Amino acid sequence: MKIATKTKPQALPRAGEDARSDGTVLAQLSALQRLSVNQLKVKWEDLFATAAPNNSRGFLEVRIAGRIQELTYGGLTRDTRRTLDNLADEVEGKITRKGMADDARNPLPGTKLVREWDGTEHTVTVLADGYDLAGKKFKSLSAVAKAITGTSWNGFRFFGLRDKQRSGA
């Protein structure tokens, strides 16, 4: 009597591991440069099963190239997607998701961080689960720095908390 066993799905090749796959991908990416915008839009429809969102050659080439590689080598892992989502939430100041792993650079709750920006002094209070700036709660220092400056910053760098360079002894 035979026992049915599950066959393990064959893993997708990784970039640099299979010369034939790499050559095929490189040929497809190279060919994109020779296509007209209308041909790129047709290629988009083939790969994404939807109409191309715009007529920007650069946008279409980059997204199509990414899709070709994704289909050949596989997409992002679930953990990578989750990490990217969490990072995006932190940058945007959203606190709906669980934060990233604790960082040793974080000061103790109750610590006040003071930073002058454009002639205005900003005081941030470190909380157990985030940061408070003028009564508004943020999940990360990067989100606080963005709220203050209007541009993306590394929060630890903005507040002078990044690791100091080690001097060679």
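By convention here, each chain's residues receive numbers from 1 onward along its written sequence. A pLDDT threshold of at least 70 governs which residues receive local features in this predicted model, and a stricter bar of 80 or more applies before side-chain atom pairs are shown or counted, although totals over entire chains, interfaces and linings include all residues. To obtain the side-chain values, all non-hydrogen atoms of the structure were used and water was disregarded.

## A look at the environment of Arg 57
Relative to the helices and strands, Arg 57 is located in helix α3 (residues 57-73). For Arg 57, a relative accessible area of 28% corresponds to the partly exposed category. Considered as a pair, Arg 57 and Gln 33 are 24 residues apart in the sequence and their alpha carbons are 9.3 Å apart. Arg 57 has contacts with Leu 32, Gln 33, Arg 34, Leu 35, Ser 36, Val 37 and Leu 40, leaving out every residue within four places of it along the chain. Think of it this way: any DSSP run of H or I at least four residues long counts as a helix, any run of E at least two long counts as a strand, and we number them from the N terminus. Buried, partly exposed and exposed residues are distinguished by accessible area as a fraction of the type maximum, computed with a 1.4 Å probe on protein chains only: under 20%, between the cut-offs, and over 50%, respectively. For this analysis, residues touch if any pair of their heavy atoms sits within 4.5 Å.

## Concerning the sheet that holds strand β2 (residues 120-127)
A pair of strands is considered paired only if DSSP assigns at least 2 bridges between the two. The sheet built from four strands is open, its strands ordered β1-β2-β3-β4 with antiparallel pairing. Each edge of the open sheet is held by one strand with a lone partner, namely β1 (112-117) and β4 (136-138). For this sheet, the mean inter-axis angle between neighbouring strands, taken without regard to orientation, is 30°. In terms of strand pairing, strand β3 (residues 130-133) meets β4 through three bridges, oriented antiparallel. Looking at the pairing, Tyr 131 lines up with Phe 138 of β4. Each axis is a line fitted through C-alpha atoms, taken for helices only over the stretch in contact, and angles between the N-to-C directions span 0 to 180 degrees.

## Considerations on helix α1 (residues 19-32)
Note on helix geometry: an α-helix contains 3.6 residues per turn, so any two residues three or four positions apart are oriented the same way. Multiplying 1.5 Å by the residue count of a helix minus one yields the expected span of that helix. With 14 residues, α1 ought to run about 20 Å at 1.5 Å a step, and its terminal C-alpha atoms sit 20 Å apart, in line with that. Against the buried residues of α1 lie α2 (37-48) and α3.

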